[in-house]
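Fold and contact review
This is what each chain is made of:
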Amino acid sequence: MKSEKVTRTQSVVDGLLDEIIAGRLVAGETLPTEADLADLLGVSRLTLREGVRLLQAQGVIVPVPGSRHRVAPVDEWTGLEAVVRFARSGGARRKSSLDLLDMRVMFETGAAELAAPLCTDEHIAELEELLGKMRMAHAQGDVPGFVDADLAFHDVIFAAADNRILVASVRPLTAMLQDSRSETSSVLEIREHALVEHAAVLEAMRTRSAEAAREAMSSHMKQTRDDLLRYVLGA
């Protein structure tokens, strides 16, 4: 459970991002005074400073010595969550959704290829159990349960790949994937397709063949893209 302090600080981050996305805080312009921002967001000045520091670390806010800080242009932002949030809220939902999926293709197919030869019987058992949970959640119309099992299925493959750098690189995507999967998995046809594709990935992992696993995951990603375009983005 998050501490109250962390939650308050995150509320500052969220609030400032909302102001930037809405255009009330503009790139290149200085921020309002610390007192005004604290009042606007309903937090103490100390909590405000902590939130501002987090956004500085993501390149969203630029410190200006001897003066008030300024908002950086979006193309200078380095925080993945902030960039995706801006893109999905700023009229570029289609492009940002496809960009996120393109990133998944690179990570997921590579992870499957690495994982298959290293996959243990325990990993296979976990994948079987999670596919079973996906099927049960689908039958019950339990979208959150389906999404949780879906994400956990892919997490097992990342873990089996036994590459800490890969796992650390994927972790920041988790929250964004949760949102996008919830959106797509609410469509019955997409869940049905996902079950077929996950079953094929599981069978490929059983063979311990890197090539088979990569091909199965590539097929899954292609189906995901096709479904996103057809059922969600309305291509």
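Because the structure is predicted, anything quoted here is derived from the model rather than measured. (Residues numbered from 1 in each chain as written. Predicted model: local features only at pLDDT ≥ 70, side-chain atom pairs only at ≥ 80, totals over all residues. Heavy atoms only, no water.)

What follows deals with the overall build of the protein. Helix and strand counts for the protein stand at 11 helices and 2 strands. Its helices and strands taken in sequence order, the protein reads α-α-α-β-β-α-α-α-α-α-α-α-α from the N to the C terminus. If one aligns the C-alpha atoms of the protein with their principal axes, the spans along those axes are about 60 × 35 × 30 Å. For the protein, the proportion of contacts with a sequence separation of at least 24, taken over those separated by at least 6, is 72%. Entry remark: accessible area of the protein is about 12,400 Å², with carbon and sulfur atoms responsible for 54%. (Helix = DSSP H or I, 4+ residues; strand = E, 2+ residues; numbered from the N terminus. Contact = heavy atoms within 4.5 Å. Areas by Shrake-Rupley, 256 points an atom, 1.4 Å probe, with all protein chains shown as cover.)

On to the environment of Val196, then. Within the secondary structure layout, Val196 lies in helix H10 (residues 188–207). When its relative accessible area of 58% is taken as the criterion, Val196 is described as exposed. (Buried < 20%, exposed > 50% of the residue type's maximum accessible area, 1.4 Å probe, protein only.)

Overall, the prediction assigns the protein a mean pLDDT of 90, with 94% of residues at 70 or greater. Helix H6 (residues 121–140) holds the highest mean pLDDT among the elements of the protein, 98, whereas helix H4 (residues 80–89) holds the lowest, 77. (pLDDT = per-residue confidence, 0-100.)

Turning our eyes to something else, we now look at unusual backbone geometry. The phi dihedral of Asp162 falls on the positive side, at around 55°, and the residue is not glycine. With respect to the element layout, Asp162 can be found in the loop between helix H7 (143–160) and helix H8 (164–170). Positive phi, close to 65°, is recorded for Arg208, a residue that is not glycine. Tracing the backbone shows Arg208 in the loop between H10 and helix H11 (210–232).

Tracing the chain through its elements places Gln178 in helix H9 (residues 174–185). Here Gln178 falls in the partly exposed class, since its relative accessible area comes to 28%. Sequence separation between Gln178 and Asp148 is 30 residues, and the spatial gap between their C-alpha atoms is 8.1 Å.

Looking at where Thr224 falls in the secondary structure, it is placed in helix H11. Those residues in contact with Thr224 that lie beyond four places of it in its chain are Leu101 and Arg104. In this structure the side chain of Thr224 is engaged in a polar contact, spanning 2.9 Å, whose partner is the backbone oxygen of His220. (Polar contact = N/O pair within 3.5 Å; in protein donor to acceptor, adjacent residues only side chain to side chain.)

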